[in-house]
Amino acid sequence: MPELAEVEFFRKRWSVAEGERIAAVFTHPRAKIFRGTDPAALARELPGARLLDSAAAAKQMLFHFNGDRWLGVHLGMSGELRVETSAYVPAKHDHLVLRTAQRALVFADPRMFGRVDFHLGAGPPAWWTKIAPPLLSRAFTAAAVAAFLRRRRRAPIKAVLLMQERFPGIGNWMADEILWRAAIHPQRLAGSLTAAEVRTLWRECRQVARLALRTIAGVGGKLPPDLNVHIPRTWLFWHRWEDGGLCPITKKPLVREEVGGRTTCWSPARQKLHPRR
DNA sequence: CTATGTGTTCGTGT
DNA sequence: CACACGAACACATA
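Read on for a plain summary of the structure. Note that the coordinates shown come from a computational prediction; the quantities given were computed from them, not determined experimentally.

### Notes on the overall build of chain A
A count of helices and strands for chain A gives 7 helices and 10 strands. Compactness check: chain A gives a C-alpha radius of gyration of 20 Å against a globular reference of 19 Å for 277 residues, within 12% of the reference. Burial status across chain A gives 52% buried among its 277 residues. Contacts spanning at least 24 positions in sequence make up 63% of the contacts within chain A whose residues lie at least 6 apart. Total accessible area on chain A is roughly 13200 Å²; 54% of this is exposed by carbon and sulfur atoms.

Next up, the structure:
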């Protein structure tokens, strides 16, 4: 489920506990969520620690506690972070619960593709510092995108947009939204895009990231009540799963098909496989 | 009962 | 060697 903006939304939820001290830790007895990490180490090290700050990058989050303690979270496909009352009793799909005096921070994930990483050290862990530069940073340049598309020239552009090593945080719906706005057919091979198309693609990557963060993760300190309530009806987002869905721009039918191993939605009237040049 | 999904990783083939 | 692709992971929901 969660891509860039949703990840930021969930990070902000837990960030209400910044400054609070962890009193107790619950870990699900047979959670696969803790791949590399030992749940026992977590339960031993976190109690007594104060949540200092947090950050989101790509589809990951990092929560920083005092005493050089770091908690990484990846939500996988079905993960979410919630905030419950301090008396909260963990339910079936809750894998990690951090209790403070004021509340309970819950990580739930039915499909268990998510991940929790605990790290002890003076600085953030390597997996965090290695994450590619954000779409909205100066380092995410049109030239870097062009070079990457050249390297991946034989893969469909849809599949390339999902590669986190260059497009951190872009997931299935964002990729479709970007291609739709850029009027590029998802099955075009990355190497077939013109220089102008590459530049448009780069611009729309940034624009969709900016708009998604604003509408989903809120502005300033405010968080929307639900994930998607503020997404405009003019986005492809709301129409991609409708049967008989229409392109908000051309009003012509949308198409849904597998591209690059993922269900992909596009507007054939707008996104041509063989554009006239 | 079967098919599907807002994700990542691994093995295999080119 | 680099890259492309399909399968696997695990479970709720339609």
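Additional details are given in the paragraphs that follow.
### A few points about the pattern of salt bridges
All told, the structure shown has 15 salt bridges when counted by the stated rule. Note that Glu45 and Arg44 form a salt bridge whose closest N and O atoms lie 4.0 Å from each other. Between Arg82 and Glu80 there is a salt bridge, with the nearest N and O atoms lying 3.5 Å from each other. Taking relative accessible area as the criterion, Glu80 reaches 28% and is therefore assigned partly exposed. Here the salt bridges do not stand alone but share partners, grouping Glu80, Arg82, Glu84 and Asp94 into one network.

### A word on the packing of aromatic side chains
Applying the stated criterion across every chain yields a total of 8 aromatic pairs. Geometrically, the ring pair formed by Phe9 and Phe10 is edge-to-face, given 5.4 Å between the ring centres and 80° between the ring planes. Phe10 carries the same exposure label as Phe9, and that label is buried. Here the aromatic rings of Trp173 and Trp235 are separated by 6.2 Å at their centres, their planes lie at 40°, and the arrangement is tilted. Placement of Trp173 in helix α6 (residues 172-182) and of Trp235 in the loop between α7 (195-216) and β9 (255-259) is noted, with a sequence separation of 62 residues between them. An identical accessibility class is assigned to Trp173 and Trp235; each is buried. Aromatic ring contacts, followed pair by pair, group Trp173, Trp235, Phe237 and Trp238 into a single cluster. When the ring centre of Trp180 is taken as reference, the NZ or CZ atom of Arg270 above it lies at 5.9 Å.

About the criteria used
- Residues numbered from 1 in each chain as written.
- Chains lettered and ligands numbered in written order.
- Predicted model: local features only at pLDDT ≥ 70, side-chain atom pairs only at ≥ 80, totals over all residues.
- Heavy atoms only, no water.
- Helix = DSSP H or I, 4+ residues; strand = E, 2+ residues; numbered from the N terminus.
- Rg over C-alpha atoms; globule rule 2.2 N^0.38 Å.
- Buried < 20%, exposed > 50% of the residue type's maximum accessible area, 1.4 Å probe, protein only.
- Contact = heavy atoms within 4.5 Å.
- Areas by Shrake-Rupley, 256 points an atom, 1.4 Å probe, with all protein chains shown as cover.
- Salt bridge = Lys/Arg side-chain N within 4 Å of Asp/Glu carboxyl O.
- Phe/Tyr/Trp six-rings, centres within 6.5 Å; stacked < 30°, edge-to-face > 60°.
- Lys NZ or Arg CZ within 6 Å of the ring centre and 35° of its normal.

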